[in-house]
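Here is how the chains run, residue by residue.
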Amino acid sequence: MKFCSFSSGSDGNCYYIGTDTCKILIDAGINVKTIKKDLQSMGVTLQDISAVFLTHDHYDHIASVGTLGETYHIPIYSTDTILNGVNRCYKVTEKLYGCRRNHTKGTTMEIWDLFVTSFQVYHDSSDCVGYYIEQKGAPENNITIATDLGHINSEAIPFIIKANNIVIESNYDEEMLLQGPYPLFLKQRILSQSGHLANHITARFLAENNQENWKRIFLCHLSNKNNTPERVASMLKAKYDECSIPEQSRPEFIILPRTRPIDAIDL
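Computed from a prediction, not measured in an experiment: that's the story for all the values here.

Definitions and cut-offs
- Residues numbered from 1 in each chain as written.
- Predicted model: local features only at pLDDT ≥ 70, side-chain atom pairs only at ≥ 80, totals over all residues.
- Heavy atoms only, no water.
- Salt bridge = Lys/Arg side-chain N within 4 Å of Asp/Glu carboxyl O.
- Helix = DSSP H or I, 4+ residues; strand = E, 2+ residues; numbered from the N terminus.
- Buried < 20%, exposed > 50% of the residue type's maximum accessible area, 1.4 Å probe, protein only.
- Pairing = 2+ DSSP bridges.
- Axes fitted to C-alpha atoms, helices over the stretch in contact; angles between N-to-C directions.

**Brief notes about the pattern of salt bridges**
Then, number 1: Under the counting rule described, the total for this entry stands at 13 salt bridges.
Then, number 2: With a closest N to O distance of 3.5 Å, Arg100 and Asp80 form a salt bridge. With Arg100 in strand β6 (residues 100-102) and Asp80 in helix α4 (residues 80-88), this residue pair connects regions lying 20 residues apart in the sequence.
Then, number 3: Residue class for Arg100 comes out partly exposed when judged on its relative accessible area of 23%.
Then, number 4: Overall, Asp80 belongs to the partly exposed group, its relative accessible area being 38%.
Then, number 5: Salt-bridge contacts for Glu175 lead to Arg231; the nearest nitrogen and oxygen are separated by 3.5 Å. Taken together, the residues Glu175 in helix α6 (residues 174-179) and Arg231 in helix α9 (residues 229-242) connect sequence positions 56 residues apart.
Then, number 6: Residue classification places Glu175 among the partly exposed residues on the basis of a relative accessible area of 45%.
Then, number 7: Ionic contacts of the salt-bridge type, sharing partners, join the residues Lys237, Asp241, Glu247 and Arg250 into one network.

Written out as structure tokens, the structure is:
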């Protein structure tokens, strides 16, 4: 099972997960041309994509989903609330009709050789979910995606704990946010329980709950104004040091770039 981040940030979010049999996208917040190019670099075409799964209905996660669904006839899965939210978004000019598929929150669906389970996370969208994805017949090949969440909620924790690979938000450095140029209402929104995750919250959770099965932690959705990769890495090191976890017992940390793809990784 391969994983690739095409883009991860407020300018657009899109992740690829694929096996020899099934290839899917999580979110489609970048333009179709870029998705095609990024897929092509892995020898994949849009026609190979079996489905798109949406985490929520903010534009940086859904920008091209209408085109993918209605023009390229790729099924678009999410909760009905999220799918309805996509159609209410005035920036999405091509709405979801024949391509939309309900994926009831908290259930598992089988798509070719992938099991996809959705779980509740909390963000200031109409609804918001994370995903746990496991390869049929190879359960050690799995990944949890938990992005855009204001806090690490009880519904998400079991899927984070059991995954071998984790994509989790580390959106902002609290000091940079508080001292930065954002207006007060926006700072309060980001800091809220339905906003985004701070570096120190993500790092503390990971260090205090470190698991032997964790292979890779992908830190995603870094803020352009209120964070840097260096601050994310420094906070992770500090929290793991505080918990006296030796280097050899730590997972591999990969900080995802905001606007460019990474090389595909075999999970």
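**A closer look at the sheet that holds strand β9 (residues 129-135)**
Then, number 1: Strand order across the open sheet formed by seven strands is β7-β8-β9-β10-β11-β12-β13, with mixed pairing between neighbours. Two strands close off the open sheet at either side, each with one partner strand: β7 (108-111) and β13 (252-255). Geometrically, the sheet is characterised by an average inter-axis angle of 20° between neighbouring strands, direction not taken into account.
Then, number 2: Direction of pairing for strand β12 (residues 216-220) relative to β13: parallel, over a ladder of four bridges.

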